[in-house]
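Report on the structure
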Amino acid sequence: MVALAATLGWLGRRLIENENDLARSRATDLRETLADRAVAVLQQRLADWRQALGSSPASDSETGLAGCRDDCIVVRLSADGVRRLAGSPLLYSPTESENPVSDRFATAMLQSAGLEHSRGRYREALAGYDRLESRGAAVTAGMPAALAARAGRLVVHQRAGDIESGLAEARALARDLEAARWPVSYSTFKYLVAQARERHVSTAERLSDAATRLWDASNRDAPATPLTTLDTPEGPLLVVTAGASSKHVALIATSTFVERELVATVSGLLEGRGVRLALDSPKDGRTLVGSSRSAGERQAMRLAVETGLPWNVRIVSIDGEDPLLARRRATLMAGLGVLILFVLTGGWFVGRGVTRELEVARLKSEFVAAVSHEFRTPLTTIVQLSELLRGGRVAGEADRQAYYDLLHGEGTRLRRLVERLLNFGRIESGQAEYRLVSVDVSELVRSCVDEFRAARVSSPHELAQPDEAIEPPPSVRADREALGTVLWNLLENALKYSPDGGRIDVSVHRAGENVEIRVSDQGVGIPEAERHRIFEPFVRGAAARDRQIRGTGVGLSLARAIVRSHGGDLTVDSVVDRGSTFTVRLPGATV
Ligand code: ADP
């Protein structure tokens, strides 16, 4: 059975391993297919963008370019400069006006404020800059008067040690620049932004810088690549261009935009397939979208050179098991478990059955031997005595009488033995019949003990009758003869399993509604382990077998069956080497 269960377990393991291999190859196929499809979707989307850029950018909501707002910019690059078409503001113009026309008033105001400042008259200087601010976009010192005034005030506050106001001014200046409130050139923007800087580079500035770099490149007639990435210290930007290289439109987008407007179109394809998308830079392999690579990861990759996309595309299996596979494995395991359990349980039952059969066979052969022995002893005595009597070889009348008594005793013993076996047979086959009458238990016990005593005159045991009489006399409804057999068996056992001279007590009690007959001896006692089994048919205790005490092993099982048929029970209390007490409990009869 164990070998069968182990084989089943081994087969199950092989089956699961095969399942795993199959699942792995299926997952590889799936990744490859999905990689191709993801690339196709990305290519299509980017082609749509390029087409949209070539016609009317910004207006095309179908292509997702409508989403080009803060993290993306669409610009037209031409020899004259850069023009923003959509998306984030362009913070400055990459071109410098050759000779910006300065405003006379503004210049005069700037100078006077600067003079006050250098004299240390800060309040007057600040007032001067306030006045200058009112000139707005009028150019002085190559920048709009409003910005020149902010920059001037910033420096005055710093000098005067007014940190609060200085910070507020810096923030306001940064805000103006960030919102492209006044038109500025690249160098002015960079100069002013450096003055105001206590912040990180904004997305708008990154995009404006990128636009300037593209413009610069296009001015140098560098060929415009339709799809590329532009590295910046804050991370790469996607550039999609359309149109002739001398005058083309470019979309510049951050990875947030790419994820939202581009990668999102692929996510529908990948959802629920146990994979995710990652985009890596083809230059240095850095992961731009999705989580970076980890060792042993199962993935399908499409290189930028094959696909024409600006990234290497990876389809990566998400860690963790395929839920379908896990479910199938669980079912398989459960099925196998049940099968193994069946095999083992079956094995156990068969084993138990065989053990029982063997035990029964052993008990039966012991029983046959015991019964034969039980018969042989009295029969031998009877045969020998009758030989003597028949041959007239008896000394006197007294001996003759003794021989007759012996013959009678042995004959009665044989009769009892046969009756016991017949009773046992009847009870076993469920054919026992009882004639229930009202029985005075004390009276029955007394007469039974007397009878037993008479039969065992030579017994060296002391057999005590119940001492006190119970009033009213306890009575039960029982078959007198059957109950007598029970008592006889118990008395016989008490005698057999007690040393010579041992005392045997018989007593009658009332226990609530019940009547109890107790037979106690001071004999060998019964070990705990045997106390249940001795009531089973043919079972003999170790004491009986070791000491070769006569018996068939059916007495107690017969007694218990009779008592139980009367609605009562037979139990035992025992201490090894001290003695045992058997208790017959019967429901009392209402008189
Ligand atoms: P047996 O013919 O062997 O006496 P029983 O069914 O009467 O068969 O008893 C079963 C076993 O119970 C005995 O073999 C013996 O080991 C044990 N037994 C019964 N009565 C006593 C007792 N009074 N003291 C000790 N052991 C007993």
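Model, not experiment: these values are computed from the prediction.

**Remarks on the sheet that holds strand E15 (residues 503–511)**
Strands sit in the order E13-E15-E16-E18-E17 across an open sheet of 5 strands; the sheet is mixed. The sheet is open, and its two borders are formed by strand E13 (462–464) and strand E17 (569–575), each paired with just one other strand. Strand-to-strand twist of the sheet, defined as the mean angle between neighbouring strand axes without regard to direction, takes the value 15 degrees. In this structure, E15 lies alongside strand E16 (residues 514–520), joined through 7 bridges in antiparallel fashion. Bridging from a neighbouring strand, His509 pairs with Glu516 of E16. This element, helix H12 (residues 441–455), spans E13, E15 and E16 of the sheet and lies at about 170 degrees to E15. The strands that helix H15 (residues 555–565) touches are E17 and strand E18 (579–587); relative to E17, the one it contacts most, it runs at about 135 degrees.

**Looking at the domain arrangement of the protein**
Each domain of the protein was delimited in the assignment, giving domain 1 (87–220), domain 2 (324–405) and domain 3 (433–587). Once you take the C-alpha centre of each, domain 2 and domain 3 turn out to be 23 Å apart. Listed per partner, the contact involves 8 residues of domain 2 and 9 residues of domain 3. It is Leu363, Phe367 and Glu374 that lose the most area in domain 2 upon contact with domain 3, and together they represent 56% of the buried surface on that side. Scanning the region where domain 2 abuts domain 3 turns up 2 salt bridges. Close ionic contact of Glu359 with Arg533 constitutes a salt bridge, the shortest N to O distance being 3.3 Å. For the pair domain 2 and domain 3, the interface holds 2 residue pairs in polar contact (both at pLDDT 80 or more).

The rules behind these values
- Residues numbered from 1 in each chain as written.
- Predicted model: local features only at pLDDT ≥ 70, side-chain atom pairs only at ≥ 80, totals over all residues.
- Heavy atoms only, no water.
- Pairing = 2+ DSSP bridges.
- Helix = DSSP H or I, 4+ residues; strand = E, 2+ residues; numbered from the N terminus.
- Axes fitted to C-alpha atoms, helices over the stretch in contact; angles between N-to-C directions.
- Contact = heavy atoms within 4.5 Å.
- Domains from an automatic or database assignment.
- Buried area = accessible area lost by both parts, 1.4 Å probe.
- Salt bridge = Lys/Arg side-chain N within 4 Å of Asp/Glu carboxyl O.
- Polar contact = N/O pair within 3.5 Å; in protein donor to acceptor, adjacent residues only side chain to side chain.

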